[in-house]
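Each chain, letter by letter, is given below.
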Amino acid sequence: MKRIRLGQQEIVFAVFTLLFLTFSIFLRGFLTPENMLTLLQNVAVLGILGLAMAIVVIGRGIDLSLIAALAVPPGVVLQMVQNGHSLPGSLATACLLSIALGLVNGWLIAYAEVPSLFATLATGLLVAGLGQAALFQLDVVQWSDGMSGFERLGQGSILGIPTSIVMFAIACVVVVVLLRQTRWGAYIYAVGDNPNAARVTGIPTRPIIVLQYVLAALIGYFAGLVLAASVSSMPTRIFNSTLIYDVILVVVLGGIGLSGGRGGVVNVIIGTLLIGTMLNGMTIMDVPFAGQNLIKGLVLLLAVITDTFLNPRNEETAQQGDI
Amino acid sequence: MRASNLVFGTIALLGAAAFTGPALAQQGLDEPFQKPFRDALVGKTVAYVPVAMNFDLTEGWYAVLKKELEPYGVKFEIRDPNWNTNAGAQAVTSLISEKPAVMVIHNPDVQTYAKLLQRAENEGIFVIQINMGSAYRSSAFVGANWIEIGERDTEAVVKACQGKSNKIAVIQGALSAAASAYTLKGVENVLAKHPEIKVVSSQAADWDASKAKAITQTVLKQNPDLCGIVGFWDGMDIGTAAAIKEAGLTGKVFLATSGGGERKGACELVKNGSFDLNLSYDVPTQGAQMAGTIKWLLSSGAKPGSVKGSEYTTLIPITKDNADSQTACWNLADVKK
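Residues numbered from 1 in each chain as written. Chains lettered and ligands numbered in written order. Predicted model: local features only at pLDDT ≥ 70, side-chain atom pairs only at ≥ 80, totals over all residues. Heavy atoms only, no water.

Novice: Give me the overall build of chain A: which residues, what numbers.
Specialist: Helix and strand counts for chain A stand at twelve helices and four strands. The principal-axis extent of the C-alpha atoms belonging to chain A is close to 70 × 55 × 35 Å. Expressed as a percentage of the 323 residues in chain A, the buried residues total 52%. Expressed as a percentage of contacts within chain A between residues at least 6 apart in sequence, the contacts between residues at least 24 apart total 77%. Working note: accessible area of chain A is about 14700 Å², and carbon and sulfur atoms make up 68% of it. If the 14 positive side-chain charges of chain A are averaged to one point and the 14 negative ones to another, these points end up 8 Å apart. (Helix = DSSP H or I, 4+ residues; strand = E, 2+ residues; numbered from the N terminus. Buried < 20%, exposed > 50% of the residue type's maximum accessible area, 1.4 Å probe, protein only. Contact = heavy atoms within 4.5 Å. Areas by Shrake-Rupley, 256 points an atom, 1.4 Å probe, with all protein chains shown as cover. Lys, Arg positive; Asp, Glu negative; His and termini not counted. Charge placed at Lys NZ, Arg CZ, Asp CG, Glu CD.)

What follows is the structure, given as structure tokens:
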């Protein structure tokens, strides 16, 4: 008899379904097409960031500098345009800055062999500090006339679907193709699953690790542009917020183990949907902020505890490097 | 004859006066108070502890204070805790032992610095609190009256709602911030007088534009007939405005907010229709009031803590009518020059 094993992905999906059904039945105005679009729109940027984090986590790393990658390069674009530079030139400069951040992260982790947790913590602080001290005049970089037209990246809609959702979908497709259809994607899984075995089989592990962080920084840059376009400014102070925990939450809750080599884009989508449903439902119910944190914490605990009960860890299932 | 003599004499007298007048002026007259004033200021240290630099309010105050005080030989120092309350408390503690003449304090909340500020005044340091006061009343408070801001913003929204759905939303700041809680009290004060108004949502967006946008989007989808929103800070309500614009409700949903009145963050956004009302607590005026208070306190010879007073800022309501004027808003770049 085959026993049905429930992984964390299935459990979180079940929690999401349960929550979604409850809201649909008891909450008036929840299950409408407009509200569904709003729900997705509100978590689109979080989802895009989740994709970036997923690539790194699948490769057995973590990128805490992701919020700096979200805030600083797009902030540079807005600031440069404000100072009278051209939009394409500013976009290219910021893109180079993102690639540089990814390269430094990757080099530190792959070649200098600094643990990713510390390396990206430090580079994130460095980049955010650089932005604050040298690049931006103010924390909130305002939209200027030179940017006009660019706000369509985050505002308005394409064929009735809000643009930020379309951007999330595009990012999902790109990452799926990269992870599942290309050799590089297969290498990322191999390196994440077992770096030593990957190296023995001839996979260029170090360049692959660098690639992961460059991709993460670039996706972070893209998410930042969507965010900036959607609120017509770049609140660079977002670096001081708890957004990075939400991103890790989306990834881990969706079922991508921090031990690497497992999971994919579907997990990010599930994690994002769960967070989005909770936030949207609580906003409709007008739950106060403190109450929202309480409920968020309870749902997360529920998911994690259920997982531990159904899939107990032992010496066989636990992997080295598991956090 | 007599008359002509009189005329002649008068002319002669006037001529004499004309000769002696300049001679008297060349001797000059000492103004007895300016030297003690200069002596009271020169070499004194003024320390400034904002909640963080790099945003329009604190940068504006800094620039004005520097410009006003440094020409008098005042040493102007800054401690930037960068949103970290603990770092701020440490900065205040270490300043107390360094004994500056004046501390200019921007409180992150009502309680954290209160005891420290009392100690500072007992040790002989004047404490001036700006915009966000603490539970301790010090020599001077210069800043916005948040209750008034909440009341006036809400009154404007209530007025705009007349004859409409009477449904409004409130986008609060961070729950721990006194400015947010006081503003909410002002909102409640007005709503108590208007039972016909229904608050469909009152949520905290943590001073974060993207959170404000997310909340507003959801609220507008549930209540497309919403007639007004009271926002608590223009830097955050850019997000609120973006949500209104995306829903195609610009001009239909009245958005009232408040801020420091910097041109890009206030007037420009009123002009393009993002905000319908932005109550400005004009930062350069606040800076000038602080500088004036520092000059007065240092030259008065008063003992720190012996006099206590408040200077609440007179608000400038920015609407479409005055958003174009040169004086309604200020430019950070110009103030920094």
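Next comes the rest of the write-up.
Novice: Which residues make up the state of the cysteines, and what values go with them?
Specialist: Residues and elements named next belong to chain B. Inspection of every chain in the model, using the stated rule, returns two disulfides over all chains. Here Cys161 engages in a disulfide with Cys227; their sulfurs sit 1.9 Å apart. Since a negative S-S torsion denotes a left-handed disulfide, the Cys161-Cys227 link at about 100 degrees is right-handed. Note that Cys161 is positioned in the loop between helix 6 (146-160) and strand 6 (167-172) and Cys227 in the loop between helix 8 (209-222) and strand 8 (228-231), a separation of 66 residues in sequence. An identical accessibility class is assigned to Cys161 and Cys227; each is buried. Taken N- to C-terminal, the disulfide-bonded cysteines of chain B are connected 1-2, 3-4. (Disulfide = S-S within 2.5 Å.)

Novice: Give me the lowdown on the sheet that holds strand 2 (residues 75-78) of chain B, citing residues and values where you can.
Specialist: All names here are of chain B. Judged by pairing direction, the sheet is parallel, and its six strands sit side by side in the order 2-1-3-4-5-11 without closing on themselves. Each of the sheet's edge strands pairs with one partner strand only, and the pair in question is strand 2 and strand 11 (309-312). When strand polarity is set aside, the average angle formed by the axes of neighbouring strands in this sheet is 15 degrees. For strand 1 (residues 45-49) and strand 3 (residues 102-105), the ladder comprises four bridges, and the chain directions are parallel. Counterpart to Tyr48 in the pairing with strand 3 is Val104. Across the sheet, helix 4 (residues 85-98) lies against strand 1, strand 2 and strand 3, angled at about 170 degrees from strand 3, the strand it touches most. The strands that helix 5 (residues 114-122) touches are strand 3 and strand 4 (126-130); relative to strand 4, the one it contacts most, it runs at about 145 degrees. (Pairing = 2+ DSSP bridges. Axes fitted to C-alpha atoms, helices over the stretch in contact; angles between N-to-C directions.)

Novice: Go over the side chain of Thr272 of chain A, please, and point to the residues and values.
Specialist: All names here are of chain A. Of note, Thr272 is situated in helix 11 (residues 265-285). Looking at Thr272, its side chain comes within polar contact range of the main-chain oxygen of Val268, at 2.6 Å. Residues contacting Thr272, with those up to four places away along its chain left out, are Val43, Gly47, Phe168 and Val250. (Polar contact = N/O pair within 3.5 Å; in protein donor to acceptor, adjacent residues only side chain to side chain.)

Novice: Can you tell me about the interface of chain B and chain A, naming the residues and giving the values?
Specialist: Counting from both sides, the interface comprises 32 residues of chain B and, opposite them, 34 residues of chain A. Of the roughly 2800 Å² buried at the junction of chain B and chain A (both faces included), carbon and sulfur atoms supply 51%. Counting the surface chain B buries against chain A, the share from its top three residues, Asn54, Gln203 and Gln222 of chain B, is 19%. Run the count over chain B and chain A and you get zero salt bridges. (Buried area = accessible area lost by both parts, 1.4 Å probe. Salt bridge = Lys/Arg side-chain N within 4 Å of Asp/Glu carboxyl O.)

Novice: How would you sum up a nonpolar patch on the surface? Please name residues and give values.
Specialist: Taken together, the side chains of Leu21, Ile25 and Phe26 of chain A define a hydrophobic patch exposed on the protein surface, amounting to about 380 Å² of accessible area. For Ile25 of chain A, the location among the structural elements is in helix 1 (residues 8-26). (Patch = residues over 30% accessible without salt bridge, like charges linked within 9 Å, V, L, I, M, F, W, Y side chains within 5 Å.)

Novice: Run through the pattern of salt bridges, naming residues and quoting values.
Specialist: Residues and elements named next belong to chain B. Per the counting criterion, the structure on display carries 17 salt bridges over all chains. Measuring nitrogen to oxygen at the nearest pair gives 2.9 Å for the salt bridge that ties Glu68 to Lys295. In this pair, Glu68 sits in helix 3 (residues 56-69) while Lys295 sits in helix 11 (residues 283-300), placing the two residues 227 residues apart along the sequence. Glu68 sits in the partly exposed class, given a relative accessible area of 30%. Classification of Lys295 by relative accessible area gives buried; the value is 17%.

Novice: Go over the confidence of the model for chain A with me, naming the residues and quoting the values.
Specialist: Confidence in the prediction of chain A, expressed as mean pLDDT, is 86, and 93% of residues score 70 or more. Ranking the elements of chain A by mean pLDDT puts helix 12 (residues 289-310) of chain A last, at 76, and helix 4 (residues 87-110) of chain A first, at 95. (pLDDT = per-residue confidence, 0-100.)

Novice: Which residues make up the confidence of the model for chain B, and what values go with them?
Specialist: On average, residues of chain B carry a pLDDT of 89, and 93% of them reach 70 or more. Across the interfaces of the predicted complex, the ipTM metric reaches 0.73, alongside a pTM of 0.80.

Novice: Got a sec to walk through the side chain of Arg263 of chain B? Specific residues and values, please.
Specialist: Inspection of the secondary structure assignment puts Arg263 of chain B in the loop between strand 9 (254-259) and helix 10 (267-271). No salt bridge is formed by the buried Arg263 of chain B; its nearest oppositely charged neighbour, Glu268 of chain B, is found at 5.2 Å.

Novice: Can you explain helix 11 of chain B? Please cite residues and give values.
Specialist: All names here are of chain B. If you check helix 11, its first and last C-alpha atoms are 25 Å apart, about what 18 residues at 1.5 Å a residue would give, namely 26 Å. Of all the positions in helix 11, only Val283, Gln286, Gly287, Met290, Ala291, Thr293, Ile294, Lys295, Leu297 and Leu298 are classed as buried. Backbone geometry just after helix 11 places Gly301 at a positive phi near 75 degrees. (Expected span 1.5 Å × (residues − 1).)

Novice: Before we move on, can you summarise the environment of Leu273 of chain A with the specific residues and values?
Specialist: All names here are of chain A. Within the fold, Leu273 resides in helix 11. Put simply, Leu273 and Phe13 are 260 residues apart on the chain and 9.1 Å apart in space, counted from C-alpha to C-alpha. With near-sequence residues (within four places) excluded, Leu273 lies in contact with Phe16 and Leu40.

Novice: Pulling in residues and values, what's your account of the nonpolar core?
Specialist: For soluble globular proteins, nonpolar side chains are generally found buried alongside one another. Core analysis: the biggest nonpolar cluster contains 101 residues, and Met53 and Leu70 of chain A have the highest contact counts within it. At 16 residues, helix 9 (residues 205-231) of chain A tops the list of elements feeding residues into this core. (Core = buried A, V, L, I, M, F, W, Y, C linked by side-chain atoms within 4.5 Å.)

Novice: Before we move on, could you go through the packing of helix 3 (residues 66-82) of chain A against helix 5 (residues 116-135) of chain A and cite the residues and values that matter?
Specialist: Residue and element names in this part refer to chain A. Two numbers describe how helix 3 lies on helix 5: the axes approach to 9 Å, and their chain directions differ by 25 degrees. On the basis of their axis angle, the class for helix 3 and helix 5 is roughly parallel. Relative to helix 5, the crossing made by helix 3 is left-handed. On the side of helix 3, the interface is formed by Ala68, Val72, Val76 and Gln79, while helix 5 contributes Gly124, Val127, Ala128, Gly131 and Leu135. (Parallel < 35°, antiparallel > 145°, perpendicular 65-115°, else oblique. Left-handed = near helix turned anticlockwise from the far one by under 90°.)

Novice: An account of the sheet that holds strand 9 of chain B is requested, with residue identities and associated values reported.
Specialist: Residues and elements named next belong to chain B. Reading across the sheet, the six strands line up as 7-6-8-9-10-12 and stay open at both edges, with mixed pairing between neighbours. With one partner strand each, in any of the chains shown, strand 7 (198-204) and strand 12 (316-318) form the two edges of the open sheet. Geometrically, the sheet is characterised by an average inter-axis angle of 15 degrees between neighbouring strands, direction not taken into account. Running over the sheet, helix 6 touches strand 6, strand 8, strand 9, strand 10 (277-280) and strand 12 and is turned about 165 degrees from strand 9. This element, helix 9 (residues 234-246), spans strand 6, strand 8, strand 9 and strand 10 of the sheet and lies at about 165 degrees to strand 9.

Novice: If you had to explain helix 6 of chain B to someone new, which residues and values would you point to?
Specialist: Residue and element names in this part refer to chain B. The end-to-end C-alpha distance of helix 6 is 21 Å, a good match for the 21 Å that 15 residues give at a rise of 1.5 Å each. Along helix 6, the positions that sit buried rather than exposed are Trp146, Ile149, Gly150, Asp153, Thr154, Ala156, Val157, Val158 and Ala160. Buried residues in helix 6 make contact with strand 6, helix 7 (178-193), strand 8, strand 9 and strand 10. You can read the cap of helix 6 off the contacts: a side-chain oxygen lies 3.2 Å from the backbone nitrogen of Ile147, and it is on Asn145.

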